[in-house]
Amino acid sequence: MLILGLSVDDMWEMYGEFLITYACETGWQKMLFCMANNLQEFLDNLNSMHYFIDKIAFKSEMKGPTFQCEPFGESGLKLHYFSFRQGLFPIVKGLVRKTARLLFEMDVKVSMLERNQERRKSGMVEHVIFSVEPDDNHRKGKRLFHKFRNTKNYDSSPAYNLTKSMLIGLRDFKNIFPYHVCFNKQMVIEHIGIYLFREYGLEYKKTLKVSDLMQLVQPSDIQLTYKNVLSYLNTLFIFQLKHHSKRNEVQEGSSEAFQQPLVLKGEMRPLKDGNSIIFICSPHVTTVRDILNLKLYISDMPMHDATRDLVMLNQSRICQMELKYTGDFNYCDYTVV
C-alpha cells in the first residue's frame, strides 16, 4: 500500500468500483440494468439480489451484507450497511459510486456518517451509515431527480383513491393469495390464505400468533418483532412452517417424518397506515422433487404465481442436462405430465 500511496480503505473503495465493472463484463450487465429505475430502488433491492446470488445461483452458505435505504435531507439518501465481516465497509462507497455512474449516468458523493457494532442473533455485526448525495443535475427540483430518488406519492393520485373503493371481499382475497399471512402489532394473525387455513387446520384456532405458526429463516439475524419487520421492508422474508400440513402427516418414526415442513418466501407490506402487516408469499420450491417431498401440487399455486413456471422450467433443464451428460432419464421421472 505504501508503494501505491494508498490507504487500506482506499484500496477497498477501488475494489468496490472494480466489482460492479467486473459484474457488467461477465454477463450480469443486463440484469443490473433491469434491477431498478433509480438509485434508491437499486439500493433497496440489494438484499434480494444478494440472496439470489448466494443461495440460489451459487448455493453458498456465506452470509452476505444487508442494506437499508431511506431519504436523507432534501435531496440525499441514508444507506445503512450491516455485515458480519469487519472492516470491509469502504467497498460500499466504491460500489455505490460506480453503480450510479454506470447504471444511472450520475456522480454521487458517498460519506460515512456513523460506524458501530450491534449484537444480533448470529453474533456481532458492523453497522455503518453512509450519506449519498447526488450531483447538481439530480438534486430535488431538477428534471433528473427521479433517477436518484423516489419522487411519486401514489397515495394522493386519483387512480389510488379509486382502488380504495374496489369491491373485493376477504373470502376472495384469501383465494387469490392462498399463502398470505396478515398480522397486527401484537403479532396476532388477523387473516390467512385459504391453503394455510385449510391444510393446517386453523379453522378452530381463535387466537394465533405468527410465532405459533411459523419460524423466521430469513433475515436470519433479527428477532421476529413488529418493529423489526417494519425496519426490513426492503428485505426478502422466508418462513418455515412449524408443523406439517394435514396431507403431509406421517406416522411417528417413519422416514418421511424427518422431511422439513413447508417454507414460504415473499415480502412484507404495511397496511392500515402501518397498524397491520401482510406477508405476501409463495412456497419456496424450485424443482418437482421439492413439490413431491411436500405433497404439494402445481394446482395449489395460483396461475398468477411465477413459481409454477420456475418449477417446470428448472425441471425441464434438469432433464435436459441429465440426458445430455449421461443419457439417463431418472431425473425426468419427476416431470409432471
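All of the points below concern the structure found in this document. (Residues numbered from 1 in each chain as written. Predicted model: local features only at pLDDT ≥ 70, side-chain atom pairs only at ≥ 80, totals over all residues. Heavy atoms only, no water.)

Once that is clear, we can look at the sheet that holds strand 4 (residues 123-134). Within the open sheet, the four strands sit side by side as 1-2-4-3. Their pairing is antiparallel. For this open sheet the edge positions go to strand 1 (66-72) and strand 3 (108-120), each flanked by a neighbour on one side alone. If you compare each strand with its neighbour and ignore which way they point, the axes differ by 20 degrees on average. The strands touched by helix 4 (residues 90-104) within the sheet are strand 1, strand 2 (76-83), strand 3 and strand 4, with strand 3 carrying the most contacts at an inclination of about 140 degrees. (Pairing = 2+ DSSP bridges. Helix = DSSP H or I, 4+ residues; strand = E, 2+ residues; numbered from the N terminus. Axes fitted to C-alpha atoms, helices over the stretch in contact; angles between N-to-C directions. Contact = heavy atoms within 4.5 Å.)

In space, the six strands of this open sheet follow the order 6-5-10-9-8-7, with antiparallel pairing throughout. Each edge of the open sheet is held by one strand with a lone partner, namely strand 6 (189-192) and strand 7 (214-218). Taken pair by pair, the neighbouring strands of this sheet meet at an average axis angle of 30 degrees, ignoring direction. Pairing of strand 5 (residues 181-184) with strand 6 involves three bridges; the strand directions are antiparallel. Bridge assignment links Cys182 to a residue of strand 6, and that residue is His191.

For the structure shown, the criterion picks out 13 salt bridges. Arg97 is the salt-bridge partner of Glu17, the closest N and O atoms lying 3.3 Å from each other. With Glu17 in helix 1 (residues 8-34) and Arg97 in helix 4, this pair connects stretches of sequence that are 80 residues apart. Taking relative accessible area as the criterion, Arg97 reaches 18% and is therefore assigned buried. In this structure, Asp221 engages Arg120 in a salt bridge whose closest nitrogen and oxygen atoms are separated by 3.0 Å. Of this pair, Asp221 sits in the loop between strand 7 and helix 9 (226-231) while Arg120 sits in strand 3; the two residues are 101 residues apart in sequence, bridging distant segments of the chain. This pair shows no difference in class: Asp221 is buried, exactly as Arg120 is. A network of salt bridges, in which partner residues are shared, links Glu13, Glu17, Lys93 and Arg97. (Salt bridge = Lys/Arg side-chain N within 4 Å of Asp/Glu carboxyl O. Buried < 20%, exposed > 50% of the residue type's maximum accessible area, 1.4 Å probe, protein only.)

This part takes up the side chain of Asp221. Its relative accessible area of 6% is what places Asp221 among the buried residues. Side chain to side chain, Asp221 and Arg120 meet in a polar contact 3.0 Å long. Once residues within four sequence positions are removed from consideration, Asp221 is found in contact with Phe84, Arg120, Lys121 and Ser122. (Polar contact = N/O pair within 3.5 Å; in protein donor to acceptor, adjacent residues only side chain to side chain.)

A separate point is helix 11 (residues 307-325). Relative to the 27 Å expected for 19 residues at 1.5 Å per residue, helix 11 spans 27 Å between its end C-alpha atoms, a close match to the ideal helical length. All of the buried residues along helix 11 are Thr307, Arg308, Val311, Asn314, Gln315, Cys319 and Glu322. Down the axis of helix 11, the buried side of the element spans an arc of 140 degrees, and every buried residue falls inside it. Exposed residues on helix 11 whose side chains face more than 90 degrees from its buried face are Asp309, Arg317, Gln320, Met321, Lys324 and Tyr325. For helix 11, the secondary structure elements touched by its buried residues are strand 10 (276-283) and helix 10 (288-294). (Expected span 1.5 Å × (residues − 1). Arc of directions from axis to C-beta.)

Let us now look at unusual backbone geometry. Gln218 connects to Pro219 through a cis peptide bond whose omega is 0 degrees. One can find Pro219 in the loop between strand 7 and helix 9. Positive phi, close to 55 degrees, is recorded for Glu105, a residue that is not glycine. Within the element layout of this structure, Glu105 appears in the loop between helix 4 and strand 3. By relative accessible area, which is 71% here, Glu105 ends up exposed. We note that Lys295 has phi near 55 degrees; this positive angle belongs to a residue other than glycine. With respect to the helices and strands, the residue Lys295 is situated in the loop between helix 10 and helix 11.

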